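Remarks on the overall topology
Here are the chains, one letter per residue:
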Amino acid sequence: MHEWRDTPAQTAGPYYPRTKPAVVNVNTERVDFWIKRGAQPSDSVRTLIARHLTPAAAPVAADHGVTIALKPHGGLSTTSDDCLRAIERVDHPAYRLTYDPGNLLYYAGEAPEPALIKLRPYVVAVCVKDETGSNGPDRAVDLTPGDGDVNFPVIVKTLLDTSFHGPAIVETLAPGSVAEVNDHAARAHRYLSSLIGA
């Protein structure tokens, strides 16, 4: 059996932070190789990738008819302002946002309804996730949309008022048996359908 600790360290590429602008040359093949094998990049490496590789990836994505969608999820995208800064830094129409109100509450304790106003021009998809407990010790996202603290009527109205036509997914439901989860899914579908007038 191979032990990872027996593997010699490999360089992903040089980083020169003091040059203007900073220079990062990443061997993406080696990074991809190790991540596919379970390597976990440090916070510093994730920051370098986000700041230096994403801007280069956006035009390539556009050439292939793909939009890269950032999602609020801690780290560089914890708050709506973090997401906005990232999108403005990349400054490319192929780099946009998947709006996730539950994660804004969960990771940042940020009210997602007013955050949507400033993020709306960049929203290309919605992750329908509820949350309870703000970002306190009893926080949770494993609940059915409509059962938590997210004000989905306000969010849906805001999206409809701005002619949003992107995809939306329900990421989480309350836990339970298969039959219970199916019931939660049906209830979420009825709830969301009532909000969009379907």
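Residues numbered from 1 in each chain as written. Predicted model: local features only at pLDDT ≥ 70, side-chain atom pairs only at ≥ 80, totals over all residues. Heavy atoms only, no water.

1. Thoughts on the packing of helix α5 (residues 112–119) against helix α6 (residues 152–161)
Helices that pack against each other are described as a pair by the angle of their axes relative to one another and the distance between those axes. Spelled out, the test is: In this description, a line fitted to the C-alpha atoms serves as the axis of each element, helices being fitted only across the stretch in contact, and the angle between N-to-C directions of two axes falls anywhere from 0 to 180 degrees. Put simply, DSSP marks the helices as runs of H or I at least four residues long and the strands as runs of E at least two long, and each gets a number from the N terminus on. An angle counts as roughly parallel when it lies under 35 degrees, as roughly antiparallel when it exceeds 145, as roughly perpendicular when it falls between 65 and 115, and as oblique in every other case. Note on convention: near helix rotated counterclockwise from far helix by under a right angle means a left-handed crossing. Clockwise means right-handed. Working rule for contacts: check all heavy atoms of both residues, and any pair within 4.5 Å makes them a contact. In this classification, Asp, Glu, Lys and Arg are treated as charged, Ala, Val, Leu, Ile, Met, Phe, Trp, Tyr, Cys and Pro as nonpolar, and every other residue, Gly included, as polar.
α6 packs onto α5 with a crossing angle of 15° between their chain directions and a minimal axis gap of 9 Å. Our classification of the angle between α5 and α6 gives roughly parallel. The element α5 and its partner α6 pack so that their crossing is right-handed. Taken together, the residues of α6 that come into contact with α5 (itself represented by E113, L116 and I117) are V154, I155, T158 and L159. Along the lines of polarity and charge, the residues of the contact of α5 with α6 split into five nonpolar, one polar and one charged.

2. What to know about the pairing of strand β4 (residues 95–99)
Defined as follows: Throughout this description, buried means an accessible area under 20% of the type-specific maximum (1.4 Å probe, protein chains only), exposed means over 50%, and partly exposed covers the range between. Two strands are counted as paired when DSSP detects at least two bridges linking them. By definition, the crossover connecting two strands over a helix is right-handed if that path, from the first strand to the second, turns clockwise as seen with the strands pointing away from the viewer.
A large share of β4 lies buried, amounting to five of its five residues. Taken together, the three bridges between strand β3 (residues 68–70) and β4 define a ladder with parallel strand orientation. Bridge pairing in β4 links A69 to R96. For the handedness criterion, the β-α-β arrangement of β3, helix α3 (residues 80–90) and β4 is classed as right-handed. Pairing of β4 with strand β5 (residues 123–128), which is carried by three bridges, proceeds in the parallel orientation.

3. A few points about unusual backbone geometry
The phi torsion at D91 lies on the positive side, around 50°, for a residue other than glycine. With respect to the helices and strands, the residue D91 is situated in the loop between α3 and β4. For D91, a relative accessible area of 62% translates into the label exposed.

4. Here we look at the confidence of the model for the chain
This is how the line gets drawn: pLDDT gives the predictor's per-residue confidence on a scale running from 0 to 100.
Here the chain averages 85 in pLDDT, and 88% of its residues register 70 or above. Across the chain, element-level confidence peaks in α5 with a mean pLDDT of 96 and bottoms out in strand β2 (residues 23–24) with 68.

5. Considering the environment of T172
What counts is decided by this rule: For the purposes of these results, a polar contact is taken to be a pair of N or O atoms within 3.5 Å, where, inside protein, one atom must be able to donate a hydrogen and its partner to accept one; residues adjacent in sequence count only when each atom of the pair is a side-chain atom.
In this structure, T172 sits in the loop between β6 (168–170) and α7 (178–196). Assessed through its relative accessible area of 17%, T172 is described here as buried. Apart from the residues lying within four places of it in its own chain, the contact partners of T172 are K129, V141, L143 and P145. A distance of 2.8 Å separates a polar side-chain atom of T172 from the backbone oxygen of V141.

6. What to know about the pattern of salt bridges
Pairing between side chains becomes possible if they bear opposite charge and their charged atoms approach one another. Worth spelling out the cut-off: Counted as salt bridges are all cases of a side-chain nitrogen of Lys or Arg within 4 Å of a carboxyl oxygen of Asp or Glu.
Scanning the entire structure with this criterion turns up eight salt bridges. For the salt bridge of K71 with D100, the shortest nitrogen-to-oxygen distance reads 3.1 Å. Here K71 is found in the loop between β3 and α3, whereas its partner D100 is found in the loop between β4 and α4 (101–108), with 29 residues between them in sequence. Note on D100: relative accessible area 0%, which makes it buried. For K71, the salt bridge is made with E171, and the minimal N-O distance between the two is 2.8 Å.

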